[in-house]
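Examination of the molecular architecture
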Amino acid sequence: MTARAERRSFWTWGYVSDEPSIAERRAAAERLSARIGESVEPPPVPAIDDIVLQSPRLEVPDSLSGWVSTTTAERVTHTYGGHSLELLKALRGEFDHPPDAVAHPASEDELDATLAWCDREGYVAIPYGGGTSVVWGVNVPGDANAAVTIDLDNLNTVLEVDEVSRAGRIQAGMLGPDLEAALKPLGLTLRHFPQSFPWSTVGGWVATRSGGHYATNHTHIDDFVESTRMLTPRGWFESRRLPGSGAGPSPDRLVLGSEGTLGIITECWLRLQKRPVYRGTAGVVFPSWVSGCEAVRAIAQAKLWPANLRILDPSEAEFSAGLSGDHALLIIGFESADIPQGSNVRAAVRIARSHGGVIEDDAILIDDGTGQATGRGGAVGAWRNAFIGVNAGLTAGLGLLADTFETAITWDRWPDFDAEVRERVGVALRDALRGARLSCRFTHVYPDGPAPYYSFSGMVPVGAEMERWRVVKDAATDAVVAAGGTVTHHHAVGRMHRPGWEAQRPALFGDLWRAAKRCVDPNGILNPGVLIDP
Ligand SMILES: Cc1cc2nc3c(=O)[nH]c(=O)nc-3n(C[C@H](O)[C@H](O)[C@H](O)COP(=O)(O)OP(=O)(O)OC[C@H]3O[C@@H](n4cnc5c(N)ncnc54)[C@H](O)[C@@H]3O)c2cc1C
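Described in the following lines is the structure provided in the data block. Computed from a prediction, not measured in an experiment: that's the story for all the values here.

**Section: the pattern of salt bridges**
Per the stated rule, a full pass over the model turns up 25 salt bridges. Glu267 is the partner of Arg169 in a salt bridge, and the nearest nitrogen-oxygen pair spans 2.7 Å. Of this pair, Arg169 sits in strand 6 (residues 167-171) while Glu267 is found in strand 10 (residues 264-271), placing the two residues 98 residues apart along the sequence. Under the relative-accessibility criterion, Glu267 is labelled buried at 6%. For Glu294, the salt bridge goes to Arg297, with nearest N and O atoms at 3.0 Å. With a gap of 3 residues between them, Glu294 and Arg297 both fall in helix 8 (residues 289-301), about one helical turn apart. We classify Arg297 as partly exposed; its relative accessible area is 28%.

This is the structure in structure tokens:
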């Protein structure tokens, strides 16, 4: 039924082959035990066939049985998204609210029939891409009569490429690597690389307004979307392909970030580009976080538009790039298919040096056209490896709580914003975690402000993870929103970020969204509880 070559792991990010072995988990537990001075043991992973679920509360009609399944494996692997605490529940065999059935439509007709069935019967319908939501976006609500998860994995083709305008018509269920593999023979690329790229889909990116690897300029998937096609319970909603338009409110802006509450995105025209061959990279060390951030502002406001402009605070630079712990690290990267990048990277380094940044001339790496990556060595390479190797599941269940929160704020409120957030979150961390760490980097930067990404970790009693996490998460949300930031820059709202989103958006916008939802989804079957209550 499913198009994916491999089964998704039910307790960690990625696929079964991404799961760490018990030997690797034991080794991680030993390292952690040595660090914290007490012995911790990895819990066993339940066998998928031993997991007991409540019986499905629906019967699949014969006409849909070719692509709708109620097997335990399907229901287990679609119960949770990608947040570490829901994956921890899965590891512990807790599946209180699995979907009653999982659909894998292979055509728009099959999708239409599935959604019509849900609408007729009043079943909750949950659009599902790669299941990497970290904001509780793909879960079955506890009060659902019955729920059907609609996995788009069989809608996974590049349908058309317009090489003249450089855009592609791409189905929503395409995973990042499959998309890039399909475009490569044409010398084209989307170059939208969220950290979850291997496991997330085009439809998921558009539905959540994901943020990719471009640190400046085209930061969100929004910037690549030319048009969208979405099935709602009331029918099709398709926008016109246009390079730009000032014709009133944009239909695509209603789809972008709709998080499966209005309809199921089946395909999009996305703007493509030629693959880069010119690159320039530099890792600049700063004596302080504040001076490094000032350099970032100056580079962003010089409008050089580097592909990478990520500054790591001293704690993060130590942890993930091997620096001493006293210095911040700024990673600058430029790329282009057509234009040599030497002068751009040198211009950015000049600005960085004028703010106290240190880099030897021969550490500025320039590749003028061979297409070789330049950022794979030294501290820059160490950080890249830490970013890509997310160590999925290695420490799950050991009492090590680790999570992130991310935001964006205008420069006029930085660095006071940072100080306030660290102060308030620091108090919560001291209350809730043992040996807590808090660090920050910028994932994206705009001429008018940065998108800071905070990571925290520390030990909690095994079994108290959710309660302790809640203390820190609430403090982080309150601090970020009270200090004028956004509750999320690119992780979406889902159910998790609703309180923060409600606090920051106009109240009337909530009413407008509810009215829009009632128009296209009158029975409120699509993702109830995500963004709003129906
Ligand atoms: C390790 C890790 C790293 C991450 N890094 C990043 C990052 O760098 N940048 C970033 O932006 N996010 C990141 N995320 C979050 C997540 O990957 C993104 O939100 C991503 O866009 C979700 O895509 P998906 O295909 O997995 O969607 P899912 O998780 O399946 O769904 C996400 C939401 O969109 C809805 N949805 C999915 N497909 C459709 C569709 N076709 N039509 C309508 N609604 C749909 C779902 O109902 C759900 O509400 C990360 C997550 C993990 C686990």
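**A word on unusual backbone geometry**
Trp414 connects to Pro415 through a cis peptide bond whose omega is 10°. Within the fold, Pro415 resides in the loop between strand 16 (400-406) and helix 12 (416-432). Although it is not a glycine, Lys303 sits at a positive phi angle of roughly 55°. Tracing the chain through its elements places Lys303 in the loop between helix 8 and strand 13 (308-312).

**Examining the sheet that holds strand 8 (residues 225-232)**
In any sheet, the strands associate via hydrogen bonds between backbone groups, in a parallel or an antiparallel arrangement. Ordered by their spatial adjacency, 5 strands build an open sheet running 5-6-10-8-9, and the pairing between neighbours is antiparallel. For this open sheet the edge positions go to strand 5 (158-162) and strand 9 (235-238), each flanked by a neighbour on one side alone. Sheet twist, expressed as the mean angle between neighbouring strand axes with direction ignored, is 10°. With 4 bridges joining them, strand 8 and strand 9 adopt antiparallel strand pairing. Counted as the bridge partner of Thr232 is Gly235 from strand 9.

**Considerations on the sheet that holds strand 2 (residues 101-103)**
One open sheet accounts for 4 strands, arranged 1-2-4-3; its pairing is mixed. Edge positions in the sheet fall to strand 1 (68-69) and strand 3 (124-128), since each of these pairs with one other strand and no more. In terms of strand pairing, strand 2 meets strand 4 (residues 147-151) through 3 bridges, oriented parallel. Paired with Ala101 across the two strands is Val148, which belongs to strand 4. This element, helix 4 (residues 108-121), spans strand 1, strand 2, strand 3 and strand 4 of the sheet and lies at about 165° to strand 4.

**Focus on the site of the ligand**
Every one of the 35 residues lining the ligand counts as a neighbour, but Pro127, Gly129, Thr132, Ser196 and Thr201 are closest to it. At 2.6 Å, a side-chain N or O of Thr132 approaches an oxygen atom of the ligand. At 2.7 Å from an oxygen atom of the ligand is found a main-chain nitrogen or oxygen belonging to Gly211. Protein chains bury 97% of the 970 Å² of accessible surface belonging to the ligand in isolation. Breaking the shell around the ligand down by element, the ones donating at least two residues are strand 3, helix 6 (202-208) and strand 10. The element best represented in the shell around the ligand is helix 6, accounting for 5 residues. Residue contributions to the shell around the ligand reach at least three from each of two domains, namely domain 1 (16-151) and domain 2 (158-274).

**Focus on the packing of aromatic side chains**
All chains considered together, the criterion is met by 16 aromatic pairs. Ring geometry for Trp117 and Tyr123: centres 5.3 Å apart, planes at 85°, overall edge-to-face. There is no split in this pair, since Trp117 and Tyr123 are both buried. Look at Tyr214 and Phe224: their rings are 6.4 Å apart centre to centre, the planes differ by 35°, and that puts the pair in the tilted class. One end of the pair, Tyr214, is in the loop between helix 6 and strand 8; the other, Phe224, is in the loop between helix 6 and strand 8, and 10 residues separate them in sequence.

Criteria and thresholds
Residues numbered from 1 in each chain as written. Predicted model: local features only at pLDDT ≥ 70, side-chain atom pairs only at ≥ 80, totals over all residues. Heavy atoms only, no water. Salt bridge = Lys/Arg side-chain N within 4 Å of Asp/Glu carboxyl O. Helix = DSSP H or I, 4+ residues; strand = E, 2+ residues; numbered from the N terminus. Buried < 20%, exposed > 50% of the residue type's maximum accessible area, 1.4 Å probe, protein only. Pairing = 2+ DSSP bridges. Axes fitted to C-alpha atoms, helices over the stretch in contact; angles between N-to-C directions. Contact = heavy atoms within 4.5 Å. Near = heavy atom within 4 Å. Polar contact = N/O pair within 3.5 Å; in protein donor to acceptor, adjacent residues only side chain to side chain. Areas by Shrake-Rupley, 256 points an atom, 1.4 Å probe, with all protein chains shown as cover. Domains from an automatic or database assignment. Phe/Tyr/Trp six-rings, centres within 6.5 Å; stacked < 30°, edge-to-face > 60°.

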